[in-house]
Amino acid sequence: MVESQDSAAPRRSQRDRKQVKHFVSTSQSPSKRKRADIGDELTDLSELDDAEQVRDEDEEDADAEDESDHGPDFNAPVTKQKPPTTTRKGKVKARGPPPPKKPRTTKSTGARAAKTQRGPRPKAHKPKAANGDFDIAKLTTEVNISTDNHLFNTILNPSSALQSTAEDFLDTLSRDSGPAQAQLINCILRACGCNDSVDADQVVDYDGVVDTLDTFTEGLKQENSPVYPLTSKLPAFKRFRTSLSELIERIVLAAAELGTLYTSDLMTTLQTWVVAMSSSQIRSFRHTATVVALELETALCQVAAAVEKEAEILGRQREGERKRKANNKASGVREKDLEDKFSAVRKRRTALAEFLKEIVDGVFVHRYRDLDPNIRAECVKALGAWFTYYPAHFLDTSYLRYVGWVLSDLSTPVRMEAARALNAVYAQSDHVGSLTHFTERFKPRLLEMAGGDTELGVRTAVISVLSAIDGHGLLEDEERERVCLLVFDTEVRVRRAVAVFVAGVWTELVEERMAATTSKGKGKGSDKTKARVGVKALAMLLVKWGKALDRTLETVEEESVLSGESGVVTRQRVHPPYMTGADPRSRIVLAVEALWGEVDAVGEWEEILEVLLLDHSAGGRDDDMDGADSLVESARNTVDAAWRLEEVEESVLLEVLVASLRRAKAIAASGKKGEEEVVTSDVTRALMKGLPRLFIKYQTDEKRISDVLSIPPLMNLDLYLEMRIINAYAGLWDDVIKQFVSHSSQTVLTRAVSTIRHLLSATSLANTNNTKILELEDDLASQLRDAVAGREEIEVASFSEDEIIALGAVCTRMCVLAGSRDLTSWMEEDEGGKQSSAWDIVSALVERGRLGYKEEERMIEQGLHLLGLHIIWKARRLPDAGDEAADSNKLRETLREQRDSLLERLIEYAVGTQSNTAEGVKRAAFQNLMNLYILFCPTRPDAEDGQRLPTEVLALQLDDEVQYRCAGFIQATIEQYAELLEDDRPSEELTERDDSSDDQEDVRAVKNVKGKGPSKTRSKTPAERSQPASRASLEQEYQFVATVSPFLRAIRAGAVHVKHGAVLLAHYGRLGPVFDLFTKVVVDVLREEGMYNDNGEVVVDVVTQALKESFGLLLDSVVRSEDSSVSLAKQLASTFMIRGAQLAIVRRLDSQYIVRMHTVLLTWIIKRISTFDASKNKKQKANAVLFFRVLSALLKSVESRDALSIKAHMDQCFAQSKIEIPPTSKLWEPQRMYEKKLSSILTKGKARTGGKGRKAKGATGVTDSEESEPEPQPEPRVEPEPVEDVPPPSRPRPRPKPVRRPPSPAEMSEHEVPPSVSQEGEDETQAAPRGKSQPGDREVESPVEAPANPRTVMEVVAPTNGNELARKRRRPEEEMEVEESETAGERPSLEDVDLGEETSQAQNLMSEFIIRRKRARH
């Protein structure tokens, strides 16, 4: 023992030098491993001064191991083979096992000498740790945090043994509590980023804690944002939070086990310091102290829970002992012993309760509402841990209410932690009784968050909470239904999260129906019965939730209409109710995808099919249905009431069947190889029997038959041939054809054609396919000829209403089929002239379009589409352009004749002046007109192989007159769509005030200039009102897009000249985001025209016309803001240049076109202003002046010489119009801003030509940040009296040394600015924010122009001292700073300010600037 103590003495002396003395245990440790671990860790975390100290550490560790007499003899030397500069576990992984290591511990001389010869090698490998690199010296250079605290260094080291550290700390605490507690508090200070320390006396001076912390925080206040580990992104601090929590937990648990927690003042000291630090104004102190306090509370909860359990056990033992005492009086000793133990436990429980209350009252109740959301999140997270560790104390309303309050926190992480905490609360079934009041109070908020929180993670977490609440039976039926509606949500994560909740509701309903079935005396239900009941329950729930969702949407829309908001819903999360049928994105499909795997009935498509095949109409038998024996037998069974379907349930279940089949195939496709084939075969075999019966059962229901027609594409048709049931395949063809020729719904026809395409893709069944498709074509031809009933003059013949409907249906069927199949030969078939061809009949029907009959609109519209598709299909069959064969020429001539005749009708119907065509016919004619001109456009590029396109022989050129008419048609379409988007105006119409005073008009103009927009009483824009996705609005938008998009494609293809794109550009920002995407295509075409085709004239024409028309909407009171015109100008400005890498300008539009653009627009707007001024229309005049905001957005590519021309033209126009601009009128602020930007461009141009150095380099172009530069060539100013504390230039510079002598004339001649001798000025320089450029930075290094005023030069050359020289030299730059700091609207023009006013204003602004600098420094 003596030798061991002697060997430990020099280790303490060495650690004295490292300032970690208080955490070294001098007593002989009972565990040799613990001694070795401590030695390794302390060596890793210390900075070694030289190699000799490293050798001494090895010697001490080796001696300590030699003196150990217990433990595994083989492990001890292996542990000490590692050099002391590395971690205990990570050295082998980091450096590998080099051979020289083992002799290093056994050979005392040779190995150590070799180690000393290596020099810095141990330091190079010292940072290696188990989890990565750890270099304490490198960390010191990265952050300004001292590493003189052993506990702090241990936390930083990811491979340190925290349990040993905690035990050593408690050992030291038991011997000398003052230094140990000081080290713990200093560790917390280092975690705060503070390098100050407390000693053993200060740490227990509880009355002086606040004063000490105030002293520490004063130093940290000098740093704007001090780095501290909890928020630092450095890799060294990645695990700091976890290690800190673990160390605190181990210290508290070990102290409780040893009894130190109750006998020492450790907790008192910690609470005193941490509570005081948690209320600091410094964020690092407040955050770190809060985390430490919360981790202390968490550890104390674990201790308190263990003590509580111990007390419970002792209580039971006491009760048992008392019962035994009644029978045996000799048990008094044991009872007394139990009483003593219980008394000790009671004391510990009381002490722990005080500790817990102190932290909650001193830290948590203040910090859970801290300004920093991170601190609030930490508090809520810790509260959730307390609920888990010590529910007996914390699962109370007084603590639960804090979680309920933060459910409405603005910060997403805080709400997320609250949801997680509630998950932990409701997971504890033993304490549900204490949660009833809390649940009733905060259920509405939880339901609101589940349906409408802005963060998906929060919504899913809250849904999990609601599932737990429902598991305890605390949700009402209406609330459960509200949660279940989220299964139709548009977010997939929400649907998947609510699937568990829905599965619980479905299971409960199945059990109820099964219990009802069993109670009727039918015995225990079989698996088949349970499966059918599950299918019935699923259909019931989907129908119930669908109706509830529809009612909710209708209620919301009605309330919105009544409030005058046109159904605007801020956050519409549910799927639109019109999405029905087995569409891939329908509401039922979304539900099936979400419930797959959670609800068994969703994946049991065989049971669903079997239930659907039953006759649910009367609950009787199904004897009249044909099919396989097993299915007929199943159908003949009486349909039990437990699974009898209603009509609407049957429809929904049919959608579920289609979605389930698709889902099953999709999952099989992503599974093992061959699994998809097996599943598809199973599906096909089942559908071979059931699909014909589904056709028979639902053939008269349009909606259901469309779902049934979606099933055949899921089948493997080759099985028909393999199973040799071609007749069944032919029967499937017959069923599909029957539905196609008997229905006229667009949905049914589209699904039928999709099925026909799938059937035709089965090449193994080509004979049957060819026969059936010919039958279909013959049926269509017969229907068409029967509908016209042999009339000779179809163009003028009269048709009954039924005949018109029949013709419309036939044309629709042919059009849908022609969209996917070439019907040109069938269309031209006339049987050798014996009867009219389909082309002739349809052409004659289309001729009736000029009559304008509304009831014939659909027929003619579909006929036009059919004829257009015929031309497109026939153009696809055109031979090559070089083929001059007779058949080829005949084909071309036939196509030319048919195309020209169709184009004549299309032009007449779409843009003609004599036709009385219906609106639908006009739209269809316009779409086909654009498509045909795009197809035969002469400017189309060649084919990919370099040959000429076949359509080049039949090229078409659209006349200019027709192009203008098409542009007019688009303009009319846009206006009609805008009117549809317009709401009924509020009852309180905005009245136009014609005020006589200029001030009121100026105030209104200034509000618009500052971007605050129109008044609150304005009606919403069409883009805002189009947000609710009702079916009517979507149909209108689809119709509008279908009309405009062909015109846009024609512009892109070159069929329509790009100048007509101004019609679209003029309405940018008015009709919603989809329309704005259209205009971007026009902008791209304009850019190509100007940059690559050298067609700048077109760019000028389009830009000027578009901006005039766009701003004309404001002048005509169509729109109430100029924002859309400004946004359009910014988009059009991108056509003036093309930027490449690093924003370098690759191409630029010729400057003459940009100048012409500005001059044309200036001439136009100034004339309008003059007109309004002459008519005394002040409101329109104020609106017209706002056009200068639009012009300002076009200045980005203007150069200095162009700016001079534009400014001269503007001045000339104002002079000719005799318009005077008051220098202080707010009305003309947009014009002054525009003129200021022009002047700034002039200044930059002069700087490029006359400046030097960095100024000349930086002035290569005009950016947004440079658009507010001062006016060029300011008038000479009278120098004010020197101000004593003039701030130096704001650019960060090295701190100059004081100069105590006046500068020599030689120095002045070299134009060197002498440093200021004012120490206060130096301080101001240091106080300036680093890395932030201040106004005037560029002028400090290189002024715009050299001073040309003789008086200014004289002042610079002949100063009286160094300070005055510096002030005089800085005067031009300071004046520039003053001009830049003046806000828009406050600075008068240079021409209107006399010299005296300018001097006083500059002096006042400079004084204010100096005062602000001083405040920033202090």
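Not measured: the values here are computed from a predicted model.

Looking at the overall build of the protein
(1) Moving on: Tallying secondary structure elements over the protein gives 65 helices and four strands in all.
(2) Moving on: Residue pairs at least 24 apart in sequence account for 75% of intrachain contacts in the protein once pairs closer than 6 positions are excluded.
(3) Moving on: When the accessible surface of the protein is summed, it comes to about 68,200 Å², and 49% of that surface belongs to carbon and sulfur atoms.

Side note on the pattern of salt bridges
(1) Moving on: With the rule as written, the count across this model stands at 54 salt bridges.
(2) Moving on: A salt bridge links Arg821 to Glu777, with the nearest nitrogen and oxygen atoms 3.4 Å apart. One end of the pair, Arg821, is in the loop between helix H40 (801–818) and helix H41 (824–828); the other, Glu777, is in helix H39 (residues 766–788), and 44 residues separate them in sequence.
(3) Moving on: Under the relative-accessibility criterion, Glu777 is labelled buried at 8%.
(4) Moving on: Through salt bridges with shared partners, one network takes in Glu847, Arg850, Arg905 and Glu908.

A word on the environment of Asp960
(1) Moving on: Structurally, the position occupied by Asp960 is in helix H46 (residues 960–981).
(2) Moving on: Distance in space between the C-alpha atoms of Asp960 and Val1056 is 8.7 Å, their sequence separation being 96 residues.

Details of a negative patch on the surface
(1) Moving on: On the surface, Asp199, Asp201, Asp205, Asp207, Asp211 and Asp214 cluster together to form a negatively charged patch.
(2) Moving on: You can see Asp207 is positioned in the loop between helix H13 (200–203) and helix H14 (209–220).

Section: the confidence of the model for the protein
(1) Moving on: Predicted confidence across the protein gives a mean pLDDT of 74, with 69% of residues reaching 70 or more.
(2) Moving on: The model gives residues 564–583 a pLDDT under 50, and that stretch makes 65 contacts with residues more than four places away or in other chains.

Considerations on the pairing of strand S4 (residues 1145–1148)
(1) Moving on: Both strand S3 (residues 1137–1139) and S4 contribute to a ladder of three bridges, which runs antiparallel. Pairing of Met1137 across the sheet is with Arg1148, part of S4.

Re the packing of helix H24 (residues 436–452) against helix H26 (residues 477–484)
The angle between the axes and the distance between the axes are what describe a pair of packed helices.
(1) Moving on: Where H24 meets H26, the closest approach of the two axes is 10 Å, and the angle between their N-to-C directions is 20°. Judged by the inter-axis angle, H24 sits roughly parallel to H26. Where H24 crosses over H26, the handedness of that crossing is left-handed. From H24, Lys443, Leu447 and Glu448 reach across to H26, where they touch Glu479, Arg482 and Val483.
(2) Moving on: Class assignment for the residues of the contact of H24 with H26 results in two nonpolar, no polar and four charged.

Section: the packing of aromatic side chains
(1) Moving on: If you walk through the whole model with that rule in mind, you get 23 aromatic pairs.
(2) Moving on: Relative to Tyr402, the ring of Phe364 lies with its centre 5.2 Å away and its plane at 90°, an arrangement referred to as edge-to-face. Placement of the pair is Phe364 in helix H19 (residues 332–367) and Tyr402 in helix H22 (residues 397–406), with a sequence separation of 38 residues.
(3) Moving on: A relative accessible area of 1% means that Phe364 is categorised as buried.
(4) Moving on: Three or more aromatic residues joined by ring pairs form one cluster here, namely Phe364, Tyr368, Trp386, Tyr390, Phe394, Tyr399, Tyr402 and Trp405.
(5) Moving on: The lysine or arginine in question, Arg401, covers the ring of Tyr402, its NZ or CZ lying 5.4 Å from the ring centre.

Considering the packing of helix H20 (residues 373–389) against H22
(1) Moving on: H22 packs onto H20 with a crossing angle of 140° between their chain directions and a minimal axis gap of 11 Å. Crossing of H20 over H22 shows left-handed handedness. Of H22, the residues touching H20 (which contributes Val380, Leu383 and Phe387) are Tyr399, Leu400, Tyr402, Val403 and Val406.

With respect to the side chain of His1158
(1) Moving on: Here His1158 shows up in helix H54 (residues 1151–1174).
(2) Moving on: By relative accessible area, which is 0% here, His1158 ends up buried.
(3) Moving on: Excluding residues within four positions of it along the chain, His1158 makes contact with Leu1191, Leu1194, Leu1195, Val1198, Ile1206 and Tyr1234.

Observations regarding helix H49 (residues 1031–1053)
(1) Moving on: Over its 23 residues, H49 extends 33 Å from the first C-alpha to the last, a length consistent with the 33 Å expected when each residue adds 1.5 Å.
(2) Moving on: For H49, every residue scored as buried is listed here: Phe1040, Thr1043, Val1044, Ser1045, Pro1046, Phe1047, Leu1048, Ala1050 and Ile1051.
(3) Moving on: The elements touched by buried residues of H49 are helix H45 (919–935), H46, helix H50 (1062–1065) and helix H51 (1073–1091).

Some thoughts on unusual backbone geometry
(1) Moving on: Phi is positive for Arg724, close to 60°, though the residue is something other than glycine.
(2) Moving on: Structurally, Arg724 can be placed in the loop between helix H36 (718–722) and helix H37 (726–742).
(3) Moving on: Not every positive phi belongs to a glycine, and Ser1117 is a case in point at roughly 65°.
(4) Moving on: Structurally, the position occupied by Ser1117 is in the loop between helix H52 (1096–1115) and helix H53 (1123–1133).

Focus: the nonpolar core
(1) Moving on: Ranked by size, the top nonpolar core spans 357 residues in total, and within it Phe285, Trp545, Leu657, Leu864, Phe1047 and Phe1188 carry the most contacts.
(2) Moving on: Of all the elements, helix H18 (residues 283–327) adds the most residues to this core, at 15 residues.
(3) Moving on: The residues contacting Phe1047, other than those within four sequence positions of it, are Phe926, Met930, Cys966, Ala967, Ile970, Val1056, His1060 and Leu1064.

Considerations on the environment of Val533
(1) Moving on: Mapped onto the secondary structure, Val533 falls in helix H28 (residues 527–562).
(2) Moving on: When sequence neighbours within four positions are dropped, the list of residues in contact with Val533 reads Val510, Arg513, Met514, Ala642 and Trp643.

Points about the environment of Tyr909
(1) Moving on: Following the sequence through the fold, Tyr909 ends up in helix H44 (residues 886–911).
(2) Moving on: The exposure class assigned to Tyr909 is buried, which follows from its relative accessible area of 1%.
(3) Moving on: Distance in space between the C-alpha atoms of Tyr909 and Ala925 is 6.1 Å, their sequence separation being 16 residues.
(4) Moving on: Side-chain polar atoms of Tyr909 contact the backbone oxygen of Val846, separated by 2.6 Å.

Cut-offs applied
- Residues numbered from 1 in each chain as written.
- Predicted model: local features only at pLDDT ≥ 70, side-chain atom pairs only at ≥ 80, totals over all residues.
- Heavy atoms only, no water.
- Helix = DSSP H or I, 4+ residues; strand = E, 2+ residues; numbered from the N terminus.
- Contact = heavy atoms within 4.5 Å.
- Areas by Shrake-Rupley, 256 points an atom, 1.4 Å probe, with all protein chains shown as cover.
- Salt bridge = Lys/Arg side-chain N within 4 Å of Asp/Glu carboxyl O.
- Buried < 20%, exposed > 50% of the residue type's maximum accessible area, 1.4 Å probe, protein only.
- Patch = residues over 30% accessible without salt bridge, like charges linked within 9 Å, V, L, I, M, F, W, Y side chains within 5 Å.
- Lys, Arg positive; Asp, Glu negative; His and termini not counted.
- Charge placed at Lys NZ, Arg CZ, Asp CG, Glu CD.
- pLDDT = per-residue confidence, 0-100.
- Pairing = 2+ DSSP bridges.
- Axes fitted to C-alpha atoms, helices over the stretch in contact; angles between N-to-C directions.
- Parallel < 35°, antiparallel > 145°, perpendicular 65-115°, else oblique.
- Left-handed = near helix turned anticlockwise from the far one by under 90°.
- Nonpolar A, V, L, I, M, F, W, Y, C, P; charged D, E, K, R; others polar.
- Phe/Tyr/Trp six-rings, centres within 6.5 Å; stacked < 30°, edge-to-face > 60°.
- Lys NZ or Arg CZ within 6 Å of the ring centre and 35° of its normal.
- Expected span 1.5 Å × (residues − 1).
- Core = buried A, V, L, I, M, F, W, Y, C linked by side-chain atoms within 4.5 Å.
- Polar contact = N/O pair within 3.5 Å; in protein donor to acceptor, adjacent residues only side chain to side chain.

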